[in-house]
Amino acid sequence: MKDLEEFARLISDTRNYFQTRLSLGETSLLLGPREEDRGGGSPAPDEQLARLEERVRSCTRCALHRSRTKVVFGTGTARTGLVFVGEAPGRDEDIQGEPFVGRAGQLLTRIIEAIQLSRDDVYITNVIKCRPEGNRDPHPHEIELCSRYLIEQLEILKPRAICALGRFAAQALSGLKLSMAGYRTEDLFYRGIRVFATYHPAACLRNASLKRPVWEDMQKLRDFLKSS
Ligand code: URA
């Protein structure tokens with residue numbers, strides 16, 4: 001009799017246990033915490049980036065959404081702790097939906113390889129996620145609206161260093177209005193993260209003499225990553 005009562009209680013407890021798991025939204029029989037619970041409640045960075053990208057893909061905050069072919073969100077990983085930030089997508093990027101895939105992008109790939117990294121080791125994005133028509137400079141209100149997405153990306157990626165490619169990225173990240181020479185020589189920070197500003201690869205394509213200072217900036221960046 002006692003054995004039977006204990007058996008009945010065991011069945012009832014087991015039923016309650018699974019009903020509680022069901023009511024918490026669990027659908028799998030696997031025991032142990034859910035994927036999201038393992039990370040202290042927040043999804044993994046890749047998942048967070050994918051969710052943010054979903055939102056950006058349907059963005060209509062500014063007029064650039066009307067002329068874009070594809071939103072250019074960003075690619076790569078932050079496993080080395082390094083994020084490159086450019087200005088805005090050009091024609092090739094707008095078509096392919098990936099940052100820095102045109103001529104300037106090919107030069108950026110070589111710049112990254114010059115510090116013994118590959119494009120897959122770093123994260124690459126832009127301040128502006130949609131192409132300004134005719135590759136014009138982005139308007140201040142477009143920078144203001146779109147840089148909120150960049151802020152969210154950086155919060156997820158938590159880089160050790162950021163490389164700002166050109167003055168638009170340097171200004172958006174540092175909040176300072178300087179000459180390119182000024183950005184390169186100042187110690188710049190974005191929310192405590194070190195920012196290294198250098199000339200935009202497109203500027204190097206127009207003026208080959210800028211390649212030398214870019215190389216020097218990359219040495220500084222590489223030394224910082226090695227020592228931090
Ligand atoms: N120039 C940029 O600033 N970004 C790109 O993605 C391509 C060219």
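Just above, that's the structure.
Quick caveat, the model's predicted, so the values are computed rather than measured.

Student: Before we move on, can you summarise the overall build of the protein chain with the specific residues and values?
Tutor: Secondary structure summary: the protein chain contains eleven helices and six strands in total. When each of the 228 residues of the protein chain is scored for burial, the buried share is 44%. A separation of at least 24 residues holds for 69% of the contacts in the protein chain among residues at least 6 apart in sequence.

Student: Tell me about the packing of aromatic side chains, and name the residues and values.
Tutor: Counted by the stated rule, this structure contains one aromatic pair. For the cation-ring pair, Arg194 lies above Phe189, with the distance from its terminal atom to the ring centre recorded as 5.8 Å. Just above the ring of Phe196 sits the side chain of Arg194; from NZ or CZ to the centre is 4.3 Å.

Student: Could you give me a rundown of the site of the ligand, with the residues and numbers involved?
Tutor: Around the ligand sit Gly86, Glu87, Ala88, Glu93, Pro99, Phe100, Asn126 and His200, and those are all the residues in its vicinity. Backbone polar atom of Glu87 to an oxygen atom of the ligand: 2.8 Å apart, as the coordinates give it. Contacts to the ligand include His200, whose side-chain N or O atom sits 2.8 Å from an oxygen atom. Burial of the ligand by the protein amounts to 91% of the accessible area it has alone, namely 230 Å². The pocket occupied by the ligand, as judged from atoms lying within 2 Å of grid points, is the largest pocket. Partitioned by chemical class, the residues of the shell around the ligand number three nonpolar, three polar and two charged.

Student: Describe in detail the nonpolar core, supporting the description with residues and values.
Tutor: Core analysis: the largest hydrophobic core is formed by 58 residues, its most contacted members being Leu82, Phe84, Val85, Ile162, Leu173, Met218 and Leu221. Ranked by the residues each element gives to this core, the list is headed by helix H7 (residues 140-157), at eight residues. With residues near it in sequence (within four places) discarded, Leu173 still touches Val85, Leu150, Leu154, Ile162, Ala164, Phe189, Tyr190 and Val195.

Student: Outline the layout of surface pockets, listing residues and values.
Tutor: What the largest pocket holds in volume is close to 680 Å³. As for the largest pocket, its lining consists of 27 residues, and the residues nearest its centre are Glu87, Ala88, His200, Ala202 and Arg206. Put simply, the parts of the chain that give the lining of the largest pocket at least two residues each are helix H5 (91-96), helix H6 (103-114), helix H8 (167-174) and helix H10 (201-206). If you tally residues by element for the lining of the largest pocket, the top one is H10, at four residues. Taken together, Pro138, His139, Pro140, Ile143, Arg167, Phe168, Gln171, Ala172, Gly175 and Lys177 form the lining of the second largest pocket.

Student: Please give an account of H8 that cites residues and values.
Tutor: Because each turn of an α-helix spans 3.6 residues, side chains separated by three or four positions end up pointing in the same direction. Of all the positions in H8, only Phe168, Ala169, Ala170, Leu173 and Ser174 are classed as buried. Residues of H8 that are buried sit in contact with strand S2 (82-86), H7, strand S4 (161-165), helix H9 (180-185), strand S5 (188-190) and strand S6 (193-198). Of the residues trailing H8, Gly175 is marked for its positive phi of about 75°.

Student: So what's going on with the sheet that holds S6? Which residues, and what values?
Tutor: Strands sit in the order S1-S3-S2-S4-S6-S5 across an open sheet of six strands; the sheet is mixed. A single partner strand is all that each edge strand has here, and the edge strands are strand S1 (75-76) and S5. One ladder, built from four bridges, connects S2 with strand S3 (residues 123-126); its direction is parallel. Along S3, the bridge assignment pairs Val85 with Thr125.

Reading the values: rules and limits
- Residues numbered from 1 in each chain as written.
- Predicted model: local features only at pLDDT ≥ 70, side-chain atom pairs only at ≥ 80, totals over all residues.
- Heavy atoms only, no water.
- Helix = DSSP H or I, 4+ residues; strand = E, 2+ residues; numbered from the N terminus.
- Buried < 20%, exposed > 50% of the residue type's maximum accessible area, 1.4 Å probe, protein only.
- Contact = heavy atoms within 4.5 Å.
- Phe/Tyr/Trp six-rings, centres within 6.5 Å; stacked < 30°, edge-to-face > 60°.
- Lys NZ or Arg CZ within 6 Å of the ring centre and 35° of its normal.
- Near = heavy atom within 4 Å.
- Polar contact = N/O pair within 3.5 Å; in protein donor to acceptor, adjacent residues only side chain to side chain.
- Areas by Shrake-Rupley, 256 points an atom, 1.4 Å probe, with all protein chains shown as cover.
- 1 Å grid on protein atoms, 1.4 Å probe; cavity = no way out; pocket = protein on both sides within 12 Å on 5 of 7 lines; lining within 4 Å.
- Sits in = over half its atoms within 2 Å of the grid points.
- Nonpolar A, V, L, I, M, F, W, Y, C, P; charged D, E, K, R; others polar.
- Core = buried A, V, L, I, M, F, W, Y, C linked by side-chain atoms within 4.5 Å.
- Points joined across faces, edges and corners; volume = space filled by probe spheres on them.
- Pairing = 2+ DSSP bridges.

In short, geometric facts, not functional conclusions.
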